[in-house]
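Here's the letter readout for the chains.
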Amino acid sequence: MDHAAEAQRTDLMTITRHALNEQGRHPESRGDFTILLSHIVLGCKFVASAVNKAGLAKLIGLAGETNVQGEEQKKLDVLSNEVFVKALVSSGRTCVLVSEENEAAIFVDAPLRGKYCVCFDPLDGSSNIDCGVSIGTIFGIYMIKDKDNATLEDVLQPGTHMIAAGYCMYGSSCTLVLSTGNGVNGFTLDPSLGEFILTHPNIKVCDTAYSNTVL
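This text gives an overview of the structure that appears in the document.

Reading guide: rules and limits
Residues numbered from 1 in each chain as written. Predicted model: local features only at pLDDT ≥ 70, side-chain atom pairs only at ≥ 80, totals over all residues. Heavy atoms only, no water. Helix = DSSP H or I, 4+ residues; strand = E, 2+ residues; numbered from the N terminus. Contact = heavy atoms within 4.5 Å. Salt bridge = Lys/Arg side-chain N within 4 Å of Asp/Glu carboxyl O. Buried < 20%, exposed > 50% of the residue type's maximum accessible area, 1.4 Å probe, protein only. Pairing = 2+ DSSP bridges. Phe/Tyr/Trp six-rings, centres within 6.5 Å; stacked < 30°, edge-to-face > 60°.

**Concerning the environment of Met143**
Within the element layout of this structure, Met143 appears in strand β6 (residues 135–143). Each C-alpha atom of the pair Met143 and Val96 lies 9.8 Å from the other, and the pair is 47 residues apart in sequence. Apart from the residues within four sequence positions on either side, Met143 is in contact with Lys115, Tyr116 and Gln157.

In structure tokens, the structure reads:
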């Protein structure tokens, strides 16, 4: 056994370690966002597992319902939505949840209510499920001013007020891309460790990306 190589695997920048490092940059932080992020990551891991075994677990096909956009829901749509709603509520850090799969916003019960609003599509591109093409989860996080008196107006904030946003893509690999306002970083799920590892630090658009664009 290559002990040096194995030891190196314990010095990886996981998404949890990354979040804790960012938390350390803000002395006033109480760790609420880090806890919320860990529950989002848990939801992504669960959905990634469900996607990988969708055919075996009979999760392919329609669920017989339509979502708020009038689109036919797939079985994985319904499962993914339940997974994320439960994960976000159980974090104890959310106040309002807005999902593409629900017609109305979900207001978390007072005992479990926190200061964040999460808007998400639990499984975007679900029409690709049956043919094995990449699908993903999209999410954005806002802060609520008064968690005890939250309204729909708290959800309708401009994008400039968003404190974090990201997506998780399920395909040949499971990749989670996250921004908390201090750059964009990509993490890839290592199935052997069950951890998202930083693989694409400081993602940027190429400086020449627009120079060759014909307007």
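**Structural notes on the pattern of salt bridges**
Going through the model one piece at a time under the given rule, you end up with 4 salt bridges. Between Asp11 and Arg17 there is a salt bridge, and its shortest N-O distance comes to 3.5 Å. Residue classification places Arg17 among the partly exposed positions, given a relative accessible area of 34%. Lys115 serves as the salt-bridge partner of Asp32, at 3.8 Å between the closest nitrogen and oxygen. In this pair, Asp32 sits in helix α3 (residues 32–52) while Lys115 sits in strand β5 (residues 113–124), placing the two residues 83 residues apart along the sequence. Of the residues examined, Lys115 reaches a relative accessible area of 31% and is grouped as partly exposed. Taken together, the shared-partner salt bridges in this structure form one network comprising Asp32, Arg93 and Lys115.

**A few points about the pairing of strand β7 (residues 164–170)**
By the alternation rule, side chains of β7 split into Ala164, Gly166, Cys168 and Tyr170, which are all buried, and Ala165, Tyr167 and Met169, of which none is buried. As defined by bridge partners, β6 adjoins β7 across 7 bridges and the pair is classed as antiparallel. Paired with Ile135 across the bridge in β7 is Tyr170. Pairing geometry for β7 and strand β8 (residues 174–179), over 6 bridges, is antiparallel. Directly across from Tyr170, in β8, lies its bridge partner Cys174. With antiparallel pairing between neighbouring strands as the criterion, β7 and β8 make up a hairpin whose turn holds 3 residues.

**Let's talk about the packing of aromatic side chains**
In the structure shown here, the tally under the stated rule is 2 aromatic pairs. Aromatic pair Phe33 and Tyr116: ring centres 6.3 Å apart, planes at 65°, arrangement edge-to-face. Pair noted here: Phe33 is in helix α3 and Tyr116 is in strand β5, with a separation of 83 residues, a long-range link. The pair formed by Phe33 and Tyr116 is uniform in burial state, with each residue classed as buried. Between Phe84 and Phe120, the aromatic rings sit 6.2 Å apart at their centres with planes inclined by 40°, giving tilted as the arrangement.

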